Amino acid sequence: MSDRRAPLQHLPAMTYEHLLEKVRQEGAYPTREKAEAAVHLVLSGLGRQLTGDERVELAARLPLEAARVLTQQIPDTQPLTGWGFVKDLAARTGAPLGTTRWDTGSVLGAVAALSGPDLLSRILDRLPSGYALLFGRAELTRAA
């Protein structure tokens, strides 16, 4: 019998170096440093948006270095839509919106692969509208 409240073990599916290489390849970044900057930017932003069990479970699936970036952020009191998320990241860096959208998709695509379909569905249920496309999923609307 398992206790759902028991702390999750940190068992990432890949190393931080492998995560950076995946993001570098998916995002066509010329260097590891550019991929790492994108990972840090996007995971910091996600850490300001994601709360609850989903945040804890996602952190347990990320490499330790990436989990720290995510969990060191204090969640915002006003959640952002997916597009608001991209605009916020662009404003923080001064980068163009198109570049920031590319960075976001490159990183969150790798995060989606690490989270798995069930956790990703729960993450998307917790976040406001507009995040599914950022994670590489179709944005489905709920019937009224």
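Up top is the structure these notes are about.
Fair warning: this is a prediction, and the values are worked out from it, not measured in the lab.

**Student:** Talk me through the packing of helix 2 (residues 32–49) against helix 4 (residues 64–71); I want residue IDs and the actual numbers.
**Tutor:** At a minimum axis separation of 7 Å, helix 2 and helix 4 run at an interaxial angle of 45°. Classified by the interaxial angle, the pair formed by helix 2 and helix 4 is oblique. Each of H40, L43, S44, L46 and G47 in helix 2 lies in contact with helix 4, whose residues at this interface are A66, V69 and L70.

**Student:** Tell me about helix 1 (residues 16–27), and please be specific about residues and values.
**Tutor:** Under the 1.5 Å per step criterion, the end-to-end length of helix 1 is 16 Å for twelve residues, consistent within 8% with the ideal 16 Å. Buried within helix 1 are the following residues: Y16, L19, L20, V23 and G27. One side of helix 1 holds all its buried residues, which, seen down the axis, span an arc of 95°. Turning to helix 1, the residues buried within the fold contact helix 2, helix 4 and helix 6 (97–126).

**Student:** Before we move on, can you summarise the pattern of salt bridges with the specific residues and values?
**Tutor:** Pairs may arise between side chains of opposite charge once their charged atoms sit close together. Counted by the stated rule, this structure contains eight salt bridges. When the shortest N-O distance is used, the salt bridge between E36 and R32 registers 3.0 Å. Residue E36 and its partner R32 are both found in helix 2; the two are separated by four residues, about one turn of the helix. Under the relative-accessibility criterion, E36 is labelled partly exposed at 26%. We classify R32 as partly exposed; its relative accessible area is 30%.

**Student:** Run through the nonpolar core, naming residues and quoting values.
**Tutor:** Soluble, globular proteins show a tendency: their nonpolar side chains are buried together. With 39 residues, the main nonpolar core has L19, L43, L46, L58, L62 and F135 as its most contacted residues. Elements with a minimum of two residues in this core: helix 1, helix 2, helix 3 (52–61), helix 4, helix 5 (82–93) and helix 6. The greatest single-element share of this core, amounting to ten residues, is contributed by helix 6.

**Student:** Tell me what's going on with the packing of aromatic side chains, and back it up with residues and numbers.
**Tutor:** This model, assessed by the stated rule, comprises one aromatic pair. Seen from their ring centres, F85 and Y131 are 5.4 Å apart, and the 50° between their planes marks the pair as tilted. A residue pair is termed long-range when its members are at least 10 positions apart, and F85 in helix 5 and Y131 in the segment after helix 6 qualify at 46 residues. The pair F85 / Y131 is uniform in exposure class, with both members buried.

**Student:** Quick one: what's the story with the environment of R126, residue by residue and with numbers?
**Tutor:** In this structure, R126 sits in helix 6. Each C-alpha atom, one on R126 and one on G52, is 8.7 Å from the other, the two residues being 74 residues apart in sequence. Each residue touching R126, except ones within four places of it in the same chain, is listed here: L50, T51, G52 and E54.

**Student:** Kindly report on helix 6, identifying the contributing residues and their values.
**Tutor:** Structural remark: α-helix, 3.6 residues per turn; residues separated by three or four positions point the same way. Between its first and last C-alpha atoms helix 6 spans 24 Å; for 30 residues at 1.5 Å apiece the expected length is 44 Å, and the helix comes up short by more than 12%. Roughly 115° is the biggest bend found in helix 6, and it falls at G116, with proline P117 one to four residues downstream.

**Student:** Report on the side chain of T104, specifying residues and quantitative values.
**Tutor:** Its place among the elements puts T104 in helix 6. With sequence-adjacent residues up to four places away left out, T104 is seen in contact with V42, F85, V86, L89 and L134.

**Student:** Explain the side chain of S106 residue by residue, including any values.
**Tutor:** Among the secondary structure elements, S106 is positioned in helix 6. Take S106: its relative accessible area is 6%, and that puts it in the buried class. Polar contacts involving the side chain of S106 include one to the main-chain carbonyl oxygen of W102, which spans 2.9 Å. Among residues more than four places away in sequence, those in contact with S106 are V23, E26, G27 and Y29.

The rules behind these values
Numbering of residues begins from 1 in every chain and follows the order in which that chain's sequence is written. In keeping with the predicted nature of the model, local features appear solely for residues at pLDDT of at least 70, side-chain atom pairs appear and are counted solely at 80 or more, and the whole-chain, interface and lining totals rest on all residues. Note that water and hydrogens are dropped before the side-chain values are worked out from all heavy atoms of the structure. Axis geometry follows a simple rule: fit a line to the C-alpha atoms, using only the stretch in contact for helices, then measure angles between N-to-C directions, giving values from 0 to 180 degrees. Each helix is a run of DSSP H or I of at least 4 residues and each strand a run of E of at least 2, with the numbering of both proceeding from the N terminus. An angle below 35 degrees is read as roughly parallel, one above 145 as roughly antiparallel, one from 65 to 115 as roughly perpendicular, and any other as oblique. Residue contacts follow a heavy-atom distance rule, with two residues in contact if any of their heavy atoms lie within 4.5 Å. To estimate the expected span of a helix, count its residues, drop one, and scale the result by 1.5 Å. Remark: exposure states derive from per-residue accessible area (1.4 Å probe, protein chains only) relative to the maximum for the residue type, with buried under 20%, exposed over 50%, and partly exposed in between. Note that the arc is defined by the directions from the helix axis to the C-beta atoms. When a carboxyl oxygen of Asp or Glu lies within 4 Å of a side-chain nitrogen of Lys or Arg, that pair is called a salt bridge. As used in this record, nonpolar core signifies buried Ala, Val, Leu, Ile, Met, Phe, Trp, Tyr and Cys residues forming a set joined through side-chain atoms within 4.5 Å. Stacked, tilted and edge-to-face are the three classes applied to pairs of Phe, Tyr and Trp rings, where Trp contributes its six-membered ring and a pair requires centres within 6.5 Å; stacked means planes under 30 degrees apart, edge-to-face means over 60, and tilted covers the rest. Take the seven residues that end at a residue and the seven that start at it, fit an axis to each, and the angle between those axes is the bend at that residue. A 3.5 Å cut-off defines polar contacts: any pair of N or O atoms within that distance qualifies, except that in protein one atom must be a possible hydrogen donor and the other a possible acceptor, and neighbouring residues in sequence count only when both atoms are side-chain atoms.

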